[in-house]
Amino acid sequence: DRLPDDWHVASNFWLEWKPGRFYECDAAVFSPNGRAHLIEIKAWVGRITGNEREWELPGFAGGAPTYRPNPVKLTQRKCQVLRDKVRQRAPALASAFFEALVVLVSDEPPRLEGNFASQVVLAKDLIAHLLDSEPSSHAQGFPIDGAERLAILLTAAAAPLMPPDEIGAWKLLELVEATTHHEV
């Protein structure tokens with residue numbers, strides 16, 4: 001909601017990296033100037049420390065810390081697959097610049113060492129990061145409607161077939177109340 005209107009977002013989509021093998025992706029954000037940000041969201045809270053190989057996460061309820069592989073590496077791989085798919089399916093959009101980002105849903109900034117640290121942001125800083133990384137000029141050869149076309153490319157095959165007023169065998173007959181948070 002806080003991005004300019006000419007930016008586009010695709011969320012919760014799948015990328016096929018080999019026949020029958022897929023990567024699940026949390027989101028991708030496309031700017032009108034030709035930047036594509038593949039975003040991996042991690043709901044990891046507390047002080048996270050790490051290096052290029054692995055991260056240490058605080059333990060739950062005061063327990064021992066846990067260790068996870070650095071998620072930036074896999075996010076970069078997904079980003080490469082996304083770039084390659086775009087170049088195959090929509091050559092007119094091939095001039096887009098692709099960047100992998102890991103977004104932490106935490107209030108504490110992580111303590112990360114190595115080359116990947118710059119590809120990690122806190123959720124509260126994501127919009128500022130996206131806007132600050134936007135180039136002042138349009139990518140050469142990137143179409144004016146490229147951001148919208150990129151979002152459509154990722155979501156078109158995943159559009160629901162079921163009508164929005166049906167759930168299984170049930171059909172919505174009357175909408176009594178609708179707010180930004182719920183429908184009754």
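Residues numbered from 1 in each chain as written. Predicted model: local features only at pLDDT ≥ 70, side-chain atom pairs only at ≥ 80, totals over all residues. Heavy atoms only, no water.

Turning our eyes to something else, we now look at the sheet that holds strand β5 (residues 54-57). Judged by pairing direction, the sheet is mixed, and its 4 strands sit side by side in the order β6-β5-β4-β8 without closing on themselves. Since the sheet does not close on itself, it has two edges, and those belong to β6 (66-69) and β8 (111-112), each with one partner. (Pairing = 2+ DSSP bridges. Helix = DSSP H or I, 4+ residues; strand = E, 2+ residues; numbered from the N terminus.)

Looking now at empty space enclosed by the protein. Under the criterion given, the structure shown has 1 cavity of 30 Å³ or more. Estimated volume of the largest cavity: approximately 40 Å³. Around the largest cavity sit Gly 50, Asn 51, Glu 52, Trp 55, Asn 70, Val 72, Leu 112, Glu 113, Phe 116, Ala 117 and Val 120, which together line it. Taken together, the residues that form the lining of the largest cavity break down as 6 nonpolar, 3 polar and 2 charged. (1 Å grid on protein atoms, 1.4 Å probe; cavity = no way out; pocket = protein on both sides within 12 Å on 5 of 7 lines; lining within 4 Å. Points joined across faces, edges and corners; volume = space filled by probe spheres on them. Nonpolar A, V, L, I, M, F, W, Y, C, P; charged D, E, K, R; others polar.)

Right, let's get into helix α3 (residues 146-155). Because each turn of an α-helix spans 3.6 residues, side chains separated by three or four positions in sequence point in the same direction. Among all positions in α3, only Gly 146, Ala 147, Leu 150, Ala 151 and Leu 154 are buried. Burial along α3 is one-sided: seen end-on, the buried residues are contained in an arc of 140°. In this structure, the buried side of α3 is in contact with β1 (8-18), β2 (21-30) and α1 (71-89). (Buried < 20%, exposed > 50% of the residue type's maximum accessible area, 1.4 Å probe, protein only. Arc of directions from axis to C-beta. Contact = heavy atoms within 4.5 Å.)

In this section: the side chain of Asn 33. Looking at the element boundaries, Asn 33 is found in the loop between β2 and β3 (35-42). Residue Asn 33 is classed as buried on the basis of its relative accessible area, which comes to 17%. Here the side chain of Asn 33 touches Glu 134 through a polar contact of 3.0 Å, side chain to side chain. Other than its neighbours up to four places away in sequence, Asn 33 contacts Glu 134, Pro 135, Ser 136, Ser 137, His 138, Ala 139 and Phe 142. (Polar contact = N/O pair within 3.5 Å; in protein donor to acceptor, adjacent residues only side chain to side chain.)

Pairing is possible between side chains of opposite charge, provided their charged atoms come close. Taken as a whole, this structure holds 7 salt bridges when the rule is applied. For the salt bridge of Lys 78 with Glu 40, the shortest nitrogen-to-oxygen distance reads 3.0 Å. Here Glu 40 lies in strand β3 and Lys 78 lies in helix α1, a separation of 38 residues in the sequence. A relative accessible area of 5% places Lys 78 in the buried class. For Glu 40, a relative accessible area of 9% corresponds to the buried category. (Salt bridge = Lys/Arg side-chain N within 4 Å of Asp/Glu carboxyl O.)

Take the nonpolar core next. In terms of nonpolar packing, the biggest core is built from 24 residues, with Phe 13, Leu 15, Phe 30 and Leu 154 touching the most fellow members. Elements that contribute at least two residues to this core include exactly β1, β2, β3, α1, β7 (97-104) and α3. With near-sequence residues (within four places) excluded, Leu 15 lies in contact with Arg 21, Phe 22, Tyr 23, Cys 25, Lys 78, Val 81, Leu 82 and Leu 154. (Core = buried A, V, L, I, M, F, W, Y, C linked by side-chain atoms within 4.5 Å.)

Our next topic: the sheet that holds β2. As summarised here, the arrangement of the 5 strands in space is β1-β2-β3-β7-β9, forming an open sheet in which the pairing is mixed. In the strand order of this sheet, the two ends are held by β1 and β9 (120-122), each with one partner. Across the sheet, the axes of successive neighbouring strands diverge by a mean angle of 40°, strand direction being ignored. Of the strand pairs in this sheet, β7 and β9 are connected by 3 bridges, and their pairing is parallel. Bridge pairing in β9 places Val 102 opposite Val 120. This element, α1, spans β1, β2, β3, β7 and β9 of the sheet and lies at about 145° to β7. The strands that α3 touches are β1 and β2; relative to β1, the one it contacts most, it runs at about 50°. (Axes fitted to C-alpha atoms, helices over the stretch in contact; angles between N-to-C directions.)

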